[in-house]
Amino acid sequence: MSTAFGTTLHTAPGQSESQGHQMLQRAAMVRQVAQGIFAYLPFGWRTVRKIEAVLRAEMERIGCQEISMPVVNPADLWKQSGRYTGIGPELARFADRRGRDMVLAMTHEEIVTSLARSEIGSYRDLPRMVFQLQTKFRDDARPRAGLLRVREFTMKDAYSFDRDEEGLARQYRAQYQAYFTIFKRCGVPIRAVLSDVGMMGGSMAHEFMYITPIGEDTLLLCDACGFAANREVATFRKPSTASEAVTVHHWEGGGKLVTAVLRADTELNETKLANLVHASGPRDITVVDDAVQNTGYKADIIGDITAARAGDPCPECGHALRTTRGVEAGNIFKLGTKYSADLGAVFVDADGERRPLIMGCYGIGVGRLLGCAAEEHHDDKGLRLPASIAPYHVHLALLDDINSEVGTLAQRYYDELWAHGIEVLLDDRTERPGVKFADADVIGLPLRLTLGKKGFAAGTAELRDRATGATTTVPLDNVVTEVRNRIAAMLTTLAAPITVDLPAELR
Ligand SMILES: [Zn+2]
């Protein structure tokens with residue numbers, strides 16, 4: 001630690017509503033370079049690489065192959081997909097030296113589809129699934145909460161290609177299950193919720209939500225049957241009794257004036273409305289909620305445009321729904337043929353017909369996952385990330401000079417533990433014990449091994465569990481074995497396989 005690049009801090013610079021992010025800064029893991037743009041220092045980067053290793057392992061386990069696609073994309077492909085004009089200023093556009101339009105990719109559907117166009121020719125080449133860990137840039141107007149909402153980020157983005165809907169359903173399910181394993185291995189509890197398929201014409205989407213009061217999304221959950229959905233799409237059992245009292249909203253979207261009519265005392269869900277309106281023609285229209293009867297309004301579209309609220313009956317079982325807030329830590333999306341049709345990625349099926357590839361896409365932000373882990377695993381003294389993603393396993397606090405007898409033993413423990421795959425951070429600085437303990441708490445490695453003159457004389461060292469605060473005195477001869485056993489137990493628990501109950505819509 002005497003040579004560590006990065007300084008722990010007593011207080012976090014700036015304000016963040018995320019306590020976890022404050023601790024990431026105090027622990028010398030991350031530094032903000034510009035709004036929504038971050039650098040990782042050595043401790044933080046070790047954690048990022050561990051998260052990436054988990055992502056790689058779990059993708060490869062389900063047959064997803066790693067590739068790498070460029071950050072700088074020719075705009076032509078984005079013009080073909082319609083996103084060059086369809087996306088606002090969050091897409092960074094620029095011209096290269098020859099004046100050709102380029103973009104900084106914020107996702108890679110266009111590039112991966114163009115690759116599939118050349119690499120997949122027939123149904124015999126299907127199914128396929130690829131992923132990458134790559135930098136993205138999205139010029140978000142409102143970056144916030146540290147790593148939870150940023151502009152530049154690394155994402156695990158995976159893409160699947162199939163000949164039919166059953167194939168897509170199979171690969172979608174594999175990703176769905178892999179996500180639970182990934183988040184469990186990283187110590188982030190999540191809920192999968194049905195989410196908005198947006199205007200991309202997809203048929204299904206799920207978000208993996210980390211439940212926290214600082215989350216931006218509102219979720220509706222049923223404690224009786226497990227139903228879970230983002231408020232943007234959540235449905236509920238509507239009263240069947242006639243209602244003549246209505247609320248009328250005037251709404252503008254997609255160049256149209258929309259009159260929205262719903263039952264009195266209910267709230268408009270703009271996402272539902274936008275999705276319905278998007279599918280209609282260019283003229284001004286009236287949309288009437290399907291729970292409204294006898295209003296005298298002439299409906300162009302009748303559909304569900306009401307926001308679900310806490311207390312509304314669950315659409316599956318009728319139990320009262322409750323609301324909570326969450327951060328979207330990952331998402332999976334059935335794209336269908338949206339990109340393959342626009343970019344001409346077709347394959348020849350068994351019957352000789354040319355059909356567009358059926359696609360899915362699957363994303364997890366690496367930094368956001370770290371942000372969620374830090375939010376979940378900290379106390380008022382600092383971080384306490386799980387052993388699977390903590391920068392090191394053991395903080396060896398040496399309370400004597402490195403050149404002393406005690407220092408020599410510390411060096412021996414250090415070498416032996418590393419030889420056994422236990423990652424040790426040795427605090428060999430000439431600082432007071434109080435300073436060393438405070439730093440051990442703020443960095444928060446799973447185990448602290450303290451070695452000082454007093455203990456040495458008595459033939460013991462002290463082990464302290466960061467998560468529980470429990471301390472144990474260990475005879476010097478047993479230190480290496482004890483540390484190895486404890487860390488092995490932690491890692492085994494985190495890596496233990498889990499069974500995922502598939503929701504009704506995926507069975
Ligand atoms: Zn229910």
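Computed from a prediction, not measured in an experiment: that's the story for all the values here.

Cut-offs used in this document
Residues numbered from 1 in each chain as written. Predicted model: local features only at pLDDT ≥ 70, side-chain atom pairs only at ≥ 80, totals over all residues. Heavy atoms only, no water. Donors = N, O, S within 2.8 Å, 3.2 Å for Na, K, Ca; no water. Tetrahedral: all angles 85-135°; square planar, octahedral: opposite > 155°, others 65-115°. Buried < 20%, exposed > 50% of the residue type's maximum accessible area, 1.4 Å probe, protein only. Helix = DSSP H or I, 4+ residues; strand = E, 2+ residues; numbered from the N terminus. Phe/Tyr/Trp six-rings, centres within 6.5 Å; stacked < 30°, edge-to-face > 60°. Axes fitted to C-alpha atoms, helices over the stretch in contact; angles between N-to-C directions. Parallel < 35°, antiparallel > 145°, perpendicular 65-115°, else oblique. Left-handed = near helix turned anticlockwise from the far one by under 90°. Contact = heavy atoms within 4.5 Å. Pairing = 2+ DSSP bridges. Salt bridge = Lys/Arg side-chain N within 4 Å of Asp/Glu carboxyl O.

Focus: the coordination of the zinc ion
Each protein donor to the zinc ion is listed here as Cys-222 (SG), Cys-225 (SG), Cys-314 (SG) and Cys-317 (SG); together their distances run 2.3 to 2.4 Å. Every donor counted, the four donor atoms about the zinc ion form angles of 101 to 116 degrees at the centre, which fits tetrahedral coordination. Mapping the donors of the zinc ion onto the primary sequence yields the spacing C-x2-C-x88-C-x2-C. Look at Cys-314 and you get buried, because its relative accessible area is 0%. Judged by relative accessible area, which is 33%, Cys-317 ranks as partly exposed.

So, unusual backbone geometry
The peptide bond linking Leu-126 to Pro-127 adopts the cis configuration, its omega dihedral lying at 0 degrees. Of note in the backbone geometry, Ala-28 takes a positive phi value of approximately 60 degrees without being a glycine. Topologically, Ala-28 is positioned in the loop between helix 1 (19-26) and strand 1 (30-34). Ala-28 sits in the buried class, given a relative accessible area of 1%. The phi torsion at Asp-265 lies on the positive side, around 65 degrees, for a residue other than glycine.

So, the packing of aromatic side chains
Enumeration over the complete set of coordinates arrives at 11 aromatic pairs. Plain terms: the ring middles of Tyr-40 and Trp-45 are 5.9 Å apart, the flat faces sit at 45 degrees to each other, and that makes the pair tilted. Ring centres of Phe-183 and Phe-208 lie 6.4 Å apart, and the angle between their planes is 20 degrees; this geometry places the pair in the stacked category. On the criterion of sequence distance, the pair formed by Phe-183 in helix 6 (residues 165-185) and Phe-208 in strand 10 (residues 204-211) is long-range, its members being 25 residues apart.

Points about the packing of helix 2 (residues 42-61) against helix 6
Running from amino to carboxyl end, helix 2 crosses helix 6 at an angle of 150 degrees, the nearest separation of the two axes being 10 Å. In terms of orientation, helix 2 lies roughly antiparallel with respect to helix 6. The chirality of how helix 2 crosses helix 6 is right-handed. Two secondary-structure elements touch here, helix 2 through Val-54, Leu-55, Ala-57, Glu-58, Met-59 and Arg-61 and helix 6 through Gln-175, Ala-178, Tyr-179, Thr-181, Ile-182 and Arg-185.

Overview of the sheet that holds strand 6 (residues 101-104)
Ordered by their spatial adjacency, three strands build an open sheet running 4-6-5, and the pairing between neighbours is antiparallel. Single-partner strands in this sheet number two, and they are strand 4 (72-74) and strand 5 (93-95). When strand polarity is set aside, the average angle formed by the axes of neighbouring strands in this sheet is 35 degrees. Note that strand 5 and strand 6 share three bridges and pair antiparallel. The residue bridging Arg-93 from the neighbouring strand is Val-103, located in strand 6.

So, the pairing of strand 1
Two strands pair when backbone bridges link them, and strand 1 and strand 2 (residues 37-40) are joined in this way by four bridges, in the antiparallel orientation. Note that in strand 2 the partner of Ala-34 across the bridge is Ile-37. Between strand 1 and the antiparallel strand that follows it, strand 2, lie two residues; Gly-36 among them carries a positive phi value of about 75 degrees.

Observations regarding the pattern of salt bridges
Scanning the entire structure with this criterion turns up 36 salt bridges. Put simply, Asp-101 and Lys-79 hold a salt bridge, and the shortest N to O gap is 2.8 Å. Taken together, the residues Asp-101 in strand 6 and Lys-79 in helix 3 (residues 75-81) connect sequence positions 22 residues apart. Classification of Asp-101 as partly exposed rests on a relative accessible area of 32%. Here Arg-100 ties to Asp-96 by a salt bridge, and the two come within 3.6 Å at their closest N and O atoms. Residue classification places Arg-100 among the partly exposed residues on the basis of a relative accessible area of 46%. With relative accessibility at 23%, the residue Asp-96 sits in the partly exposed group. What emerges from the salt-bridge pattern is a single network uniting Glu-17, Asp-140, Arg-144, Arg-149 and Glu-216.

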